[in-house]
Amino acid sequence: MEKAWGLNSLRDVFGKAESADTSDEAAGYLFYSMGAGKAREEEWAEALPLFNRALLLQRKSLGKNHVACGRTLNDIGVALTHLNEPYGAMTSLEEALWIRQQSLGDGHPDVVETLNAYSFLLDQQKNEQDEYNRRS
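**A short note on the nonpolar core**
Burial of nonpolar side chains together is a common tendency in soluble globular proteins.
Phase 1: By size, the foremost hydrophobic cluster in this structure holds 27 residues, and its most contacted members are F31, F51 and I76.
Phase 2: Broken down by secondary-structure element, the contributors of at least two residues to this core are α2 (24-40), α3 (44-62), α4 (67-82), α5 (86-104) and α6 (109-135).
Phase 3: Among the elements that take part in this core, α3 stands out by supplying eight residues, more than any other.
Phase 4: Apart from residues lying up to four places away in sequence, I76 is in contact with L48, F51, N52, L55 and S92.

Encoded structure:
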């Protein structure tokens, strides 16, 4: 498992052992929040492992199709897009879209957010293909 900033648990963050009431859900939220902070700073390579850790914890505590997992998958897709990893980005965004559509409905703003991220990725891929074709 990949470490985010060398963090393996909440103990690494707070300097003390996790208590019995510290849940995977809370840890998932913490790692997600840390990743979102890095994403706001456009530090995508640092945000990605935090989002990945959050997703693992969210799936464990909330279930793989929970709307929180959809949010995290969306942000993983955005990070991967910015890191020029289109296939991973596409996979993450497609799963995020499915979860969000099932949980929230087609007209929800979060569904639109994922569709916009997917459209941006496709436009980026088209532009790269056009540039390749011009050079050939």
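**A closer look at unusual backbone geometry**
Phase 1: Residues other than glycine seldom take positive phi values, yet E42 does so here, at roughly 60°.
Phase 2: Along the chain, the position of E42 falls in the loop between α2 and α3.
Phase 3: On the accessibility criterion, E42 (58% relative accessible area) is exposed.
Phase 4: Backbone geometry at N84 places phi at a positive 60°, although glycine is not the residue there.
Phase 5: One can find N84 in the loop between α4 and α5.

**Considering α5**
Phase 1: Along its 19 residues, α5 runs 26 Å from first to last C-alpha, staying within 8% of the 27 Å computed at 1.5 Å per residue.
Phase 2: Taken together, the buried positions of α5 are occupied by P86, A89, S92, L93, A96, L97, I99 and R100.
Phase 3: Among the structural elements, α4 and α6 are those in contact with the buried residues of α5.
Phase 4: Just downstream of α5 lies G105, where phi reads positive at about 95°.

Conventions adopted
Residues numbered from 1 in each chain as written. Predicted model: local features only at pLDDT ≥ 70, side-chain atom pairs only at ≥ 80, totals over all residues. Heavy atoms only, no water. Core = buried A, V, L, I, M, F, W, Y, C linked by side-chain atoms within 4.5 Å. Buried < 20%, exposed > 50% of the residue type's maximum accessible area, 1.4 Å probe, protein only. Helix = DSSP H or I, 4+ residues; strand = E, 2+ residues; numbered from the N terminus. Contact = heavy atoms within 4.5 Å. Expected span 1.5 Å × (residues − 1).

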